[in-house]
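# Residue-level structure breakdown
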Amino acid sequence: MRFMSIVSSAQSGPPTPELMEAMGKLADREIKAGRMLDMGGLMPLATGARVSIAGGQVSVVDGPFVEAKEVIGGYAIFEFQNKEEAVAAAVEFMQLHKEFMPGWEGTCEVRAFAGP
């Protein structure tokens, strides 16, 4: 089963160098084991855009977005046997944040892909 982990936080700023190193080691391990298929961090909101439909009209708004309370900082796509494995991987990933960025608060949402 394929799962996507989506990390979001109300806090801004890049990860510490120590967290980047720890995440790199974890990602390397998961890639070598064949479980991690893709991953990436996202640039700040100021570099993005939102394309919306409201009232039958398509509009484009460049970032940053004042109303954003939480921002998706990155994602990873995995191949796991079940949801339990996916959640265990997310817990391990979030433990790295707890250890290497004390005070950081965020969420790692785990979602299965709909399909093969």
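Located above this text is the structure these notes cover.
So, here is what we can say about the structure in this document. These figures come from a predicted structure and were not determined experimentally.

## Some words on the pairing of strand 5 (residues 71-79)
- Inspection of the sheet shows strand 1 (residues 2-9) paired to strand 5 by eight bridges, in the antiparallel sense. In the strand pairing of strand 5, Ser-8 is matched with Ile-72.
- Pairing of strand 2 (residues 36-41) with strand 5 involves five bridges; the strand directions are antiparallel. When the bridges of strand 5 are listed, Met-36 appears paired with Phe-78.

## Here we look at a nonpolar patch on the surface
- A surface patch of nonpolar side chains, about 440 Å² in accessible area, is lined by Val-51, Ile-53, Val-58 and Val-60.
- Among the secondary structure elements, those contributing two or more residues to the nonpolar patch are strand 3 (49-54) and strand 4 (57-62).
- As for its position among the elements, Val-60 is in strand 4.

## Some points on the environment of Val-71
- On the secondary structure map, Val-71 appears in strand 5.
- Here Val-71 falls in the partly exposed class, since its relative accessible area comes to 30%.
- The sequence separation of Val-71 and Met-101 amounts to 30 residues, and the corresponding C-alpha distance is 17 Å.
- What Val-71 contacts, discounting residues up to four positions off in sequence, is Val-7, Ser-8, Ser-9 and Leu-45.

## Quick word on the nonpolar core
- In terms of nonpolar packing, the biggest core is built from 12 residues, these being Val-7, Leu-19, Ala-22, Met-23, Leu-26, Ala-90, Phe-93, Met-94, Leu-96, Met-101, Trp-104 and Cys-108.
- Mapped onto this core, the elements with two or more residues apiece are helix 1 (17-32) and helix 2 (83-100).
- When neighbours within four sequence positions are excluded, Phe-93 is seen to be in contact with Val-7, Met-23 and Leu-26.
- Counting residues in hydrophobic clusters, the runner-up holds eight residues, among them Phe-3, Ala-76, Ala-86 and Ala-89.

## Comments concerning the packing of aromatic side chains
- Counted by the stated rule, this structure contains two aromatic pairs.
- Centre to centre, the rings of Phe-3 and Phe-80 are 6.4 Å apart; their planes meet at 50°, and the pair counts as tilted. Residue Phe-3 is found in strand 1, and its partner Phe-80 is found in the loop between strand 5 and helix 2; the two are separated by 77 residues along the sequence. Per residue, the accessibility class of Phe-3 equals that of Phe-80, and both read buried.
- Ring centres 5.0 Å apart and planes at 20° place the aromatic pair Phe-78 and Phe-80 in the stacked group.
- For Phe-78, a relative accessible area of 8% translates into the label buried.

Scoring rules and cut-offs
Residues numbered from 1 in each chain as written. Predicted model: local features only at pLDDT ≥ 70, side-chain atom pairs only at ≥ 80, totals over all residues. Heavy atoms only, no water. Pairing = 2+ DSSP bridges. Helix = DSSP H or I, 4+ residues; strand = E, 2+ residues; numbered from the N terminus. Patch = residues over 30% accessible without salt bridge, like charges linked within 9 Å, V, L, I, M, F, W, Y side chains within 5 Å. Areas by Shrake-Rupley, 256 points an atom, 1.4 Å probe, with all protein chains shown as cover. Salt bridge = Lys/Arg side-chain N within 4 Å of Asp/Glu carboxyl O. Buried < 20%, exposed > 50% of the residue type's maximum accessible area, 1.4 Å probe, protein only. Contact = heavy atoms within 4.5 Å. Core = buried A, V, L, I, M, F, W, Y, C linked by side-chain atoms within 4.5 Å. Phe/Tyr/Trp six-rings, centres within 6.5 Å; stacked < 30°, edge-to-face > 60°.

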